[in-house]
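# Tertiary structure, described
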Amino acid sequence: MLTARVIKLLTHGPMKPFDLTDELKKEAKKVKKGLILVHVEGATPGLILTSFSREDVWNLCSEIIPVDADYEHGNAYAHLRSSFMSTSVEIPVVEGEPLIGQRRLYLVEIEPRRRMRKVIFVTVGEGSDRAST
Amino acid sequence: MIEVVKLKVNSPGYVAIDLTEEVRRKVKELGTTTGIVSVFTNEQGCAIIGIEYETGLLADLERLIKEKLKPVVAEAFMGSSFTVPVVSGDLMIGGFKRIVLVDLSGKSGEKEVIITVVGNAHS
């Protein structure tokens, strides 16, 4: 089976995490085994699946890609952080559970201003008895 | 439906190439309505990333790679694939983000990009 679901999320930054783990777990219940692609549309958000504290991730970002480093492109720091964090994550599912271990899934709104973000879940797999289509 | 398509891209060896329209064309050719498309490369010194294809930003990316990463090894940090959803027959990538092959190998020639589409198609 294959399904796609789009959710809309009002976000704001700078570097604010929005926890999508519960939405991911809800999605995983649709299949016995499979793969979920989670993607956030846009050039400046990030999508991370991490077991580290947010502070550790943010500090690393600031060190490698500072906000202000004489960039040519106006908000380059946001684009570069988005590209390196990526905006897509693929997660395996077994027995209706995403195999994320101790990690949690976060949308990261990198820039300060408010946005309406689209997050897409595409689930491919063998159906569950509890599947809802 | 699962299709694996190999694409050959000519590269001067140190370049960023926008693959988005090529990927979009393949998805439409296959008639995919809902699914996922993975764009992947195993070419040495190459990476596939999602980034706005703007000259100044690509120059900023180049500077970041040169200052913070060793260019040839950067492939390991930048990723060998970028995967995008297909909904209602089109890539849900937004208006600015593009699918880009970054070649830092220094070797010119044909580079292989593999597009994998998993999805439902028009019947």
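Before any of the text, the structure's been laid out above.
Below: a short report on this structure. (Residues numbered from 1 in each chain as written. Chains lettered and ligands numbered in written order. Predicted model: local features only at pLDDT ≥ 70, side-chain atom pairs only at ≥ 80, totals over all residues. Heavy atoms only, no water.)

### Digging into the sheet that holds strand 2 (residues 16-19) of chain A
Residues and elements named next belong to chain A. Defined as follows: By this definition, two strands are paired if DSSP reports at least two bridges between them. Secondary structure elements follow DSSP: runs of H or I no shorter than four residues count as helices, runs of E no shorter than two count as strands, and numbering proceeds from the N terminus. Axis lines are fitted to C-alpha atoms, over the contacting stretch for helices. Their N-to-C directions set the angle, which ranges from 0 to 180 degrees.
An order of 2-7-4 is seen for the 3 strands of this open sheet, with the pairing classed as antiparallel. Where the open sheet ends on each side, the last strands, each with one partner, are strand 2 and strand 4 (45-50). Put simply, the sheet's adjacent strands are angled 30° from each other on average, direction ignored. Of the pairings in the sheet, the one linking strand 2 to strand 7 (residues 104-109) comprises 4 bridges and is antiparallel in character.

### Some remarks on unusual backbone geometry
Among all residues save glycine, negative phi is the norm, and among peptide bonds the norm is trans. Cis peptide bonds are those with omega within 30 degrees of zero, and the linkage from G13(A) to P14(A) qualifies with 0°. When you line up the elements, P14(A) lands in the loop between strand 1 (2-11) and strand 2. Unlike most non-glycine residues, D70(A) shows phi in positive territory, near 60°. Within the element layout of this structure, D70(A) appears in the loop between helix 2 (54-64) and helix 3 (76-85). Its identity as a non-glycine residue notwithstanding, S88(B) has a phi of 50°, on the positive side. Mapped onto the fold, S88(B) is located in the loop between strand 5 (81-87) and strand 6 (90-91).

### Examining the packing of aromatic side chains
As a reminder of what qualifies: Stacked, edge-to-face and tilted labels apply to pairs of Phe, Tyr and Trp rings (six-membered ring for Trp) whose centres lie within 6.5 Å, assigned for plane angles under 30 degrees, over 60, and everything in between, in that order. Only lysine NZ and arginine CZ atoms are considered, and such an atom sits over a ring when it is within 6 Å of the ring centre and within 35 degrees of the ring normal.
Considering all chains together, one arrives at 0 aromatic pairs over all chains under this definition. Stacked on the ring of F121(A), the Lys or Arg R5(A) has its end atom at 5.0 Å from the ring centre.

### Examining helix 2 of chain A
For the α-helix, the turn length of 3.6 residues means that residues three or four positions removed from each other point alike. Residues and elements named next belong to chain A. Stated formally: Think of it in three bands: with a 1.4 Å probe and only protein chains considered, a residue is buried below 20% of the maximum accessible area for its type, exposed above 50%, and partly exposed in between. Of all possible arcs, the one meant is that of the directions from the helix axis to the C-beta atoms. Whether two residues touch is decided by their heavy atoms; if any such pair falls within 4.5 Å, the residues are in contact.
Within helix 2 the residues assigned to the buried category are V57, W58 and C61. Taken end-on, helix 2 shows its buried residues confined to a sector of 95°, consistent with a single buried face. Facing away from the buried side of helix 2 by over 90 degrees, the exposed positions are E55 and E63. Residues of helix 2 that are buried sit in contact with strand 2, strand 4, helix 3 and strand 7.

### Digging into the nonpolar core
This is how it is decided: In this text, buried Ala, Val, Leu, Ile, Met, Phe, Trp, Tyr and Cys residues form a nonpolar core when linked through side-chain atoms within 4.5 Å.
The biggest cluster of nonpolar side chains holds 30 residues, and the ones touching the most others in it are L80(A), I51(B), L61(B) and M78(B). For this core, the secondary structure elements donating two or more residues are helix 2, helix 3 and strand 7 of chain A together with strand 4 (46-52), helix 2 (55-68) and strand 7 (97-103) of chain B. For I51(B), the contacting residues outside a window of four places in its chain are L80(A), S83(A), L57(B), L58(B), L61(B), F96(B), K97(B), R98(B) and V100(B).

### Let's talk about the packing of helix 3 of chain A against helix 2 of chain B
Using the following cut-off: Each crossing gets its hand from how the near helix is turned against the far one by less than a right angle, where anticlockwise is left-handed and clockwise is right-handed. Gly counts as polar in this scheme, as do all residues outside two lists: the nonpolar Ala, Val, Leu, Ile, Met, Phe, Trp, Tyr, Cys and Pro, and the charged Asp, Glu, Lys and Arg.
Their axes nearest at 10 Å, the elements helix 3 of chain A and helix 2 of chain B cross at an angle of 65°. The interaxial crossing formed by helix 3 of chain A with helix 2 of chain B has right-handed handedness. Each of A76(A), H79(A), L80(A) and F84(A) in helix 3 of chain A lies in contact with helix 2 of chain B, whose residues at this interface are L57(B), D60(B), L61(B) and L64(B). Here the residues of the contact of helix 3 of chain A with helix 2 of chain B sort into 6 nonpolar, 1 polar and 1 charged.

### Section: the interface of chain A and chain B
Defined as follows: Salt bridge criterion: a side-chain nitrogen from Lys or Arg within 4 Å of a carboxyl oxygen from Asp or Glu. Whenever a nitrogen or oxygen atom comes within 3.5 Å of another N or O atom, the pair is scored as a polar contact, on the condition that within protein one atom can donate a hydrogen and the other can accept it, and that pairs from neighbouring residues in sequence are kept only if both atoms are in side chains.
At the interface, 32 residues of chain A touch 31 residues of chain B. Seen at the junction of chain A and chain B, the total is 0 salt bridges. At the junction of chain A with chain B, the criterion picks out 13 residue pairs in polar contact (both at pLDDT 80 or more). Elements represented by at least two residues in the side of chain A that touches chain B include exactly strand 1, strand 3 (31-40), helix 2, helix 3, strand 5 (88-94) and strand 8 (115-127) of chain A. Among the elements that line the side of chain A that touches chain B, the one with the most residues is helix 3 of chain A, at 6 residues.

### Looking at the pairing of strand 5 of chain B
Residues and elements named next belong to chain B. Most of strand 5 is tucked away: 5 of the 7 residues are buried. Note that strand 3 (residues 32-40) and strand 5 share 6 bridges and pair antiparallel. Counted as the bridge partner of I36 is P85 from strand 5. Sheet topology places strand 5 next to strand 6; 2 bridges connect them, and they run antiparallel. The residue of strand 6 that forms the bridge with V87 is D90. Joining the antiparallel neighbours strand 5 and strand 6 is a turn of 2 residues, in which S88 adopts a positive phi near 50°.

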